[in-house]
Every structure is written in structure tokens, then in C-alpha cells.
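These are the residues of each chain, in order.
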Amino acid sequence: FEIFAPENISISHTDIDPSCFGASDGSLDMTVEGGTPPYVYSWNNGANTEDLENLSEGFYELIVTDQEGCVGVYRNVIYNLKTRKPRYLYSTHLPF
């Protein structure tokens, strides 16, 4: 007889950063493969959907659990460097 082992859970994404500092129009479009569907989605912001919309800057973590209890974890930071002000500015003086 043959033992079947499903592929590990693989999580990929396409993200759209917020349009400007303070905006909540970013998104994460997730693709989950492997494991044994169906999947259960658990985000650190309380959502239980595959994808997220209306996101502001911040840290997002997704835990995906398949039918067999196998787990995949995804972490991402959503930000917008175009309009975000740097926290620290510094210069370096090099003697010649």
C-alpha cells in the first residue's frame, strides 16, 4: 500500500500599500496551496477571510490551518514609503 503525504501549505500574496500616510485603502490578496483543503484563516486583526481589504499601515499575520490540522504562517508589513516621514535622520562625517 501507499501512504499519501500532501504538500506543505504554501502561502503567497499580492499586496497594495495604502495610497498615502494614514489612509486605509491597502489590501492583501492571498493564494494558499498545498495541505488538505478546506482551509481556516485566522488573521491577527481578527478577520477570518483569505484576503484583507481596507488596510492601513501595520503588521499583518495570517495563520492558515488545513483539514488535517497542518499550519502555515504568513507575516507582512504594509507601509507607504512615499509619504511616510523618516523617524531618524543622521549624517556621517568621513575624515579625508
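Residues numbered from 1 in each chain as written. Predicted model: local features only at pLDDT ≥ 70, side-chain atom pairs only at ≥ 80, totals over all residues. Heavy atoms only, no water.

## Structural notes on the nonpolar core
Soluble, globular proteins show a tendency: their nonpolar side chains are buried together.
Moving on, step 1. Ranked by size, the top nonpolar core spans 15 residues in total, and within it Ile11, Leu28, Trp43, Leu62 and Val64 carry the most contacts.
Moving on, step 2. Within the residue set of this core, elements represented by two or more residues are strand E2 (26–33), strand E3 (40–43), strand E4 (52–55), strand E5 (58–65) and strand E6 (71–78).
Moving on, step 3. Ignoring anything within four residues of it in the chain, the contact list for Leu62 reads Ile11, Met30, Tyr41, Ser42, Trp43, Gly72, Val73 and Tyr74. (Core = buried A, V, L, I, M, F, W, Y, C linked by side-chain atoms within 4.5 Å. Buried < 20%, exposed > 50% of the residue type's maximum accessible area, 1.4 Å probe, protein only. Helix = DSSP H or I, 4+ residues; strand = E, 2+ residues; numbered from the N terminus. Contact = heavy atoms within 4.5 Å.)

## So, the sheet that holds E2
Moving on, step 1. A sheet is described by the order of its strands in space; here three strands give the open sequence E1-E2-E4, paired in antiparallel fashion. Of all the strands in the sheet, the pair left with one neighbour each is strand E1 (10–16) and E4. On average, each strand axis in the sheet is tilted by 20 degrees relative to the strand beside it, whichever way the strands run.
Moving on, step 2. Here E2 pairs with E4 via two bridges, running antiparallel. In the strand pairing of E4, Leu28 is matched with Leu52. (Pairing = 2+ DSSP bridges. Axes fitted to C-alpha atoms, helices over the stretch in contact; angles between N-to-C directions.)

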